[in-house]
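Each chain is listed here by its residues.
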Amino acid sequence: MSSTGNLSEEQVHCSICLDVFTNPVSIPCGHNFCQSCILGYWKSSPLYQCPMCKKSFYKRPDISINTVLREIAEQFKELRVNSEEGKEVLCDVCLGEGRPKAVKSCLVCLTSYCDEHLKSHASRFTKHKLIEPVANMEDRMCSKHERLLELFCKKDQMCVCVLCTETDHRAHYTVPVEREWTEKKAQLKRSQVDVQQMIQDRVKKVEEIKNSVELNKVSTQTEIEDSMQVFAEMVRSIQRAQGDVVLAIEERQRRTETRARNLVIKLEQEIDELRRRDTDLENMERTDHIHFLKNFPALSMAPSVQDWSDTSVPTDICVGLIRTAVCKLEVTLKDMVDKLADREIHRILKYSADITLDPNTANPWLQLSQDRRQVRHLGAWQDLSDYPERFDTVVIVLAREGFTSGRHYWEVQVGDKDDWYLGVAKSSVNRKGRISVSTTHGYWALAMKKGHGYRVSTTPPLQLALNAKLRRVGVYVDYDEGQISFYDVKARTHIYTLNDTLNEKILPFFYLYCCDKSSDTVVICPLADKNLIKQS
């Protein structure tokens, strides 16, 4: 670590390029950066923001060179150059501290000399080759020929001497080390520029991720509030239904009690009447013959009373009442689910993906449109190249675009066609021979099979009870959550969601069973511009 005074080199490093400042400038918040670094950072950022404290400015702030910081940075650079390039080469002959600087180095003796010792050396060795003073002479000499490493071998990527070009490197292309140094330095500069750009890209990505986290917090709070509102409405609906059921039960109980009281009153009236008849009959037995025979016709007639044998008061007064109330709740709940699905579709539109079909994967029975967004069963075999990625038996075509992360949404117009699969498949699925389309074999799909209705590709397949015929299907993939969802776009309702662990690239796929009429074309529908959707 270099230092000047009480400063360390790290204290004069730019936080963007992570190197010693070049033309350091100060911005209003007090932080310093290389002039080119901060201007480049602002050029790639929508806001004029400080990379350190995140303070934002509505217009680009005025910046000025920090002359004091520049002088300090230049001192550090000079120390670094002196230490790395060895400009302070000392005489190898002089002893003790305070040795004088060398003025020449001898390529034969591998020694550096000051003025005084150079004169003595020159008088004794007139034919020795002298060069400008350099440190570490041994490292600059060819270990085999003891000659200066003046050339660079392009083939072996190493420094060589003149004699090396006549032996081990005879047929190799060599250039002066100075030229190679210049080229390599320019290459290094380009690499440095690329690294700096990568740093800026990653700094920008860090800011983007941090901003997404903040937006996620806001979205999470909104989602919590919405969920509380939805479930509170559900609770209110249940409470209202429960209250209505209780009132209905109590009303039925009151009606039953009223009917029972009326029945009891009628029965008691008939009991009183029958008791009087019983008394009259008992008294008749004690009368004389003439009186008995006179009144017998009237008393011998059956009393005029109601037949009560089938009359009863039920003890279960609310058969089916609770079920009916729950059925009404089910309708209310379905309405709420449909509203949530509509809002869900609106939200996932911002993840719309541009899907096109890959002709190299299409089964020869399939015909693709020129824009690669439509496919139909041709009804005839085409003589196509048998690429490894082409499906040769099952009538499937894959999309060109695949996913290894993130969220993606697209819509497919199936029209009147009634034999199809659509969804996503692993990129590693088998392309040759007979294939079983199921989650077990790497397919997550919704299917319509003529005569069998709609189903999803679980193992075994799960039949779906859909009331309406699907015309346009939305497919939503959340790769990181392992979620594949299908929507009825026309009805704005959710159909089904498959959940699984996704651990490799997946691709949208389309499977057309048989040749229907030519109009039965499956179309990947264009969606609105993502940016417009995000703003809506």
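Scroll up to find the structure this text is about.
Residues numbered from 1 in each chain as written. Predicted model: local features only at pLDDT ≥ 70, side-chain atom pairs only at ≥ 80, totals over all residues. Heavy atoms only, no water.

Caption draft 1: Structural detail: the overall build of the protein chain. On a plain count of helices and strands, the protein chain comes out with seven helices and 26 strands. The globule rule puts the C-alpha radius of gyration for 536 residues at 24 Å, and the 47 Å found for the protein chain is more than 25% above it. Structurally, the protein chain occupies a C-alpha span of about 190 × 70 × 40 Å along its principal axes. Put simply, the protein chain has 536 residues, and 31% of those count as buried. For the protein chain, the share of sequence-separated contacts (at least 6 apart) that also reach a separation of at least 24 residues comes to 58%. Accessible surface computed for the protein chain: about 33800 Å², of which carbon and sulfur atoms make up 52%. The protein chain carries 75 positive and 76 negative side-chain charges, and their two centres are separated by 5 Å. (Helix = DSSP H or I, 4+ residues; strand = E, 2+ residues; numbered from the N terminus. Rg over C-alpha atoms; globule rule 2.2 N^0.38 Å. Buried < 20%, exposed > 50% of the residue type's maximum accessible area, 1.4 Å probe, protein only. Contact = heavy atoms within 4.5 Å. Areas by Shrake-Rupley, 256 points an atom, 1.4 Å probe, with all protein chains shown as cover. Lys, Arg positive; Asp, Glu negative; His and termini not counted. Charge placed at Lys NZ, Arg CZ, Asp CG, Glu CD.)

Caption draft 2: Structural context of the pattern of salt bridges. Counted by the stated rule, this structure contains 24 salt bridges. As a salt-bridge pair, Lys144 and Asp168 come within 3.1 Å of each other at their nearest N and O atoms. Of this pair, Lys144 sits in the loop between strand 10 (130-131) and strand 11 (151-153) while Asp168 sits in the loop between strand 12 (158-160) and strand 13 (174-176); the two residues are 24 residues apart in sequence, bridging distant segments of the chain. We classify Asp168 as exposed; its relative accessible area is 52%. Each of the salt bridges in this network shares a partner with another, and the network as a whole consists of Lys154, Glu180, Glu183 and Lys184. (Salt bridge = Lys/Arg side-chain N within 4 Å of Asp/Glu carboxyl O.)

Caption draft 3: Up close: the environment of Val437. With respect to the helices and strands, Val437 occurs in the loop between strand 18 (419-426) and strand 19 (443-449). With a relative accessible area of 11%, Val437 lands in the buried category. Along the sequence, Val437 and Leu247 sit 190 residues apart, while their C-alpha atoms lie 53 Å from each other. Setting aside residues up to four positions removed in sequence, Val437 forms contacts with Ile396, Tyr421, Tyr443, Ser457, Phe509 and Tyr511.

Caption draft 4: Just the sheet that holds strand 12, in detail. Across the sheet, three strands lie side by side as 12-11-13; this open sheet has antiparallel pairing. The sheet is open, and its two edges are formed by strand 12 and strand 13, each paired on a single side. If you compare each strand with its neighbour and ignore which way they point, the axes differ by 40 degrees on average. Pairing of strand 11 with strand 12 involves three bridges; the strand directions are antiparallel. (Pairing = 2+ DSSP bridges. Axes fitted to C-alpha atoms, helices over the stretch in contact; angles between N-to-C directions.)

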